[in-house]
Amino acid sequence: MAAPVYVLGGYQTDFARNWKKENKHIVAMIREAVEGGLEATQLEPKDIQVGHVGNFAAELYAMQGHLGAFLVDVDPTFSGLPTARHEAACASGSIAILAASAEIEAGRYDLALVVGVEQMKTVDPAKGGEFLGTAAWYEKEAKGIEFPFPKLFGRLGDEYDRRYGLKDEHLAHISAVNYSNAKRNPLAQTRNWYMSEDQARCVDKFNTVIGGRIKISDCSQVTDGAVSLFLASEKAAAEYAKKRGLSLERIPRILGWGHRTAPIEFDAKIAESKNNPYVLPHTRQAILDAFRRAGIADVWGVQAIETHDCFTTSEYMAIDHFGITAPGESWKAIEDGTIEMGGRMPINPSGGLIGCGHPVGATGVRQVLDAYKQVTNQCGDYQVEGARRVATLNIGGSGTTTVSFIVGFA
Amino acid sequence: MIPIQKVVVLGANGTMGAGSGEVFAAGGCDVVFLARTVEKAHEGLVTAQNLAKSVRIADRISLGTYDQDLEEACSKADLIFEALAEDMELKKSFFAKVDKFRRPDSIVATVSSGLSIAEMALGRSDSFRRNFLGIHLFNPPSVIVGTEVIPHKETDPQLVREIVELLERRFGRVAIVAADKPAFAGNRVGFKVLNEVAQLAEEHGVAFMDYLIGPYTGRAMPPLATIDLVGWDVHKAIVDNVYAHTNDEAHEAFRLPAYMDDLIAHGHLGNKTPQFGGFYRRVKEGGQTIQLVLDPKTGAYKDIRDDGVRKVPFVEEVRGLHHVGRYREALRRFAAATGPEAELAHKVIFGYVSYALNRVGEQEVVREARDIDRIMGFGFNWAPPTVLVDLIGLEETIRHLEKHELPVPKVLRDARPGQRLFREPYVNIGRFFAG
């Protein structure tokens, strides 16, 4: 059994901000996330032994690579800190967490800083859509196509439709629930936006079709954001708890994880899964791996989920892949209120990617930070009562790289 | 308090009427948009749809006219929301009618940005006066969430508490309670700074003052560009009202510069009169848009490129520090700067800190520093005064206030060095400072 990895907390920037309008360099985002995290946890910079940054495409959006090195710029104490940057499209943040966890499990370090960061409001939507296309097989699936990703995730919906039937009204409900949850999250991008289920069902001049069955209301929006997270070994967590007069049992852990990568081309994924009840079997497997490592039998071992709803179709997929319903029956959990706040399995109390925002490389870290906040009862108005364990699901590409974590108490 | 489900907006064709109506509809209310004609009311609906980016928000909005629908709409309404022009007599004449038609338990509110709430309630029924208050939203309400709730002496205190709670929880507002004094809290403090910069522009130039008191000092938009956006007529109405009806330590800062008065008489109202402009005017030359800037001394406009603003080294350093997120160092560099430009910038910025925090107290505009912080942060998008104090340091701030003979606010006299004054858990202070 691997050594335990504890979560000490972290910090999320306000996802409604536009850092280009503020004329900020991406290092300002990293700095705010780290300084905010240090303050939230009351950790000392000198205690940090290693730093990992998750980021998708700062080279494209911000003309800046080598982001690990920018951690060193945050505090003079960090000079000499070993750092690295990790990339797996929209799963970059989770990959950074996995790298930090692996080092703690291996006993290399006791206290790791993870930062997920993406600055996206630097370019117009069409250019940004093209950059995102590099998360697919660009030459085959994105080159010369306007907004390739909405089209790919539209096809995920089409595949559900073909295999099981899919009603767009169920997707509209997913959108409305995420927007509604985001209203209770003071850091959510859309907390003051207007959305209703009626609005999400309509196609009109405001809610236009972006690709296939995907309308604006089905999409997460272009977001700037940075999130920090501190992970600790048992030794560091015990010291942390002792200093604060807590018992170690009060500090949540990453109880389990799953990590799988499917063929990058969407067609190849679908061809591979044609006789499988799950449309994205590797995503299903990543979730099962996380359950197994966490020692829980199934999804009912967690009390809430923070999932990857880059589009409503990805959340639709997550519902049956988590096993909340049988394959192809996600609509049942949508119709009976299971996924809503107060339901049997609230999904995205934070508002998720659609409501809270999707700064691509930061999302995986934001999900785990939200899971930490849930299990430590720090979510305020979007708290799920009695949450002891929360699952995350973070997906890069068109269901390509999948990471799932179970965060909480054994 | 009664549940708020049915809302009537008077003056729904105006910017604030349509914008406020959108906020109520988005919060799930059934809203009646009233105007002189149905066509006018419909204009308000289109504005609301554009603000909400939703066609379907119309499902919650119905249209009517004062002549046809005022009586029925008011008799059914839980909240009657007045957003007519800022004209006391006009408002009072409508309130007299509303008083006849409304239910005794209904709430009546005005969106006025600074007229006397007490005066509006004069002569109205007991139940009207008890249920009447100001709800001052900022433009555009769909984006700017700062909101002032202004009771007059007879407003039911329980109602005030419940309205604040409702605005925050159901309508996504950041709400404060402000006293019924001219311009209330946000505009009193904000327009003091804006008008002071307009006064200084006469000697130092428009573009230079907007550079010197620019976004790096903790605001989304430079001050004189802000007055252009607000409208010079609105600016004049606010500062004239405060100048006439208050007498505080910054009284002269509210005196409208004579050059502005002259230009207003000639139709220069800012962005809303593009042919004349305000501090700035855009003209098309060939295929190009050229920005002109006002010379307050002559009233003439010249190409902004010919009015080269000289860069000031400390300003550039502070901006550079903001650019990389070093806000504390940036503000300390600002406070430590010396020379005539620094003196000028310090006078305005420390003047803001002093004036804003001196509006806190029993007999003042707000009860707590937090109220001023919230309304400046979320009504104006300016760095809240205590954020500046926290970053610069308490002792250094007081040293500057004393040097510039600015009254040291009680909240600063009572504070301990090193104690953080700004305590809003979810507010990123970095958002207020542009690089």
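The rules behind the values
- Residues numbered from 1 in each chain as written.
- Chains lettered and ligands numbered in written order.
- Predicted model: local features only at pLDDT ≥ 70, side-chain atom pairs only at ≥ 80, totals over all residues.
- Pairing = 2+ DSSP bridges.
- Helix = DSSP H or I, 4+ residues; strand = E, 2+ residues; numbered from the N terminus.
- Axes fitted to C-alpha atoms, helices over the stretch in contact; angles between N-to-C directions.
- Contact = placed C-beta atoms within 7 Å.
- Nonpolar A, V, L, I, M, F, W, Y, C, P; charged D, E, K, R; others polar.
- Core = buried A, V, L, I, M, F, W, Y, C linked by C-beta atoms within 7 Å.
- Buried ≥ 20, exposed ≤ 12 C-beta atoms within 10 Å, placed from the backbone.

## Points about the sheet that holds strand β7 (residues 146-151) of chain B
All names here are of chain B.
1) Next: Taken together, the 8 strands give an open sheet; going across it, the order is β3-β2-β1-β4-β5-β6-β7-β8, and neighbouring strands pair in mixed fashion. Of all strands in the sheet, those with a lone pairing partner are β3 (61-65) and β8 (174-177), marking the two edges. Looking at each pair of strands side by side, their axes are set apart by 25° on average, direction ignored.
2) Next: Looking at chain direction, strand β1 (residues 6-10) and strand β4 (residues 79-82) are connected through 4 bridges and run parallel. The partner of leucine 10 across the bridge, within β4, is glutamate 82.
3) Next: Where helix α2 (residues 38-52) meets the sheet, its contacts fall on β2 (30-35) and β3, and the angle it forms with β3 comes to roughly 155°.
4) Next: Helix-sheet contacts for helix α3 (residues 66-76) involve β1, β2, β3 and β4, and the interaxial angle to β3 is about 130°.

## A closer look at the pairing of strand β10 (residues 288-295) of chain B
Residues and elements named next belong to chain B.
1) Next: Strand direction decides the pairing type here: strand β9 (residues 280-285) and β10, joined by 6 bridges, are antiparallel. Residue lysine 284 lies in a different strand from β10, and its bridge partner there is threonine 289.
2) Next: The loop that links β9 with its antiparallel partner β10 comprises 2 residues; one of these, glycine 286, has a positive phi angle of about 65°.
3) Next: Summarising the sheet, β10 and strand β11 (residues 300-303) pair through 4 bridges and their orientation is antiparallel.

## Here we look at the interface of chain B and chain A
1) Next: With 19 residues of chain B at the contact, the number on the chain A side is 24 residues.
2) Next: Looking at side-chain class alone, the side of chain B that touches chain A contains 8 nonpolar, 7 polar and 4 charged residues.

## Re the nonpolar core
A general trend in soluble globular proteins is that nonpolar side chains are found buried together.
1) Next: If you look at the biggest cluster of nonpolar residues, it comprises 280 residues, and the most contacted ones within it are Ile30, Leu231 and Val407 of chain A together with Val8, Val9, Phe33 and Leu34 of chain B.
2) Next: With 9 residues, the top contributor of residues to this core is helix α15 (residues 340-357) of chain B.
3) Next: Excluding residues that lie within four positions of it along the chain, valine 8 of chain B makes contacts with Val32, Leu34, Ala73, Cys74, Ala77, Ile80 and Phe81 of chain B.

## Thoughts on unusual backbone geometry
1) Next: The omega angle of the peptide bond from asparagine 139 of chain B to proline 140 of chain B is -10°, so this bond is cis rather than trans.
2) Next: Assignment of secondary structure puts proline 140 of chain B in the loop between β6 (132-137) and β7.
3) Next: Of note, the phi angle at alanine 89 of chain A is positive, near 55°, even though the residue is not glycine.
4) Next: Looking at the element boundaries, alanine 89 of chain A is found in the loop between β3 (83-86) and α4 (92-105).

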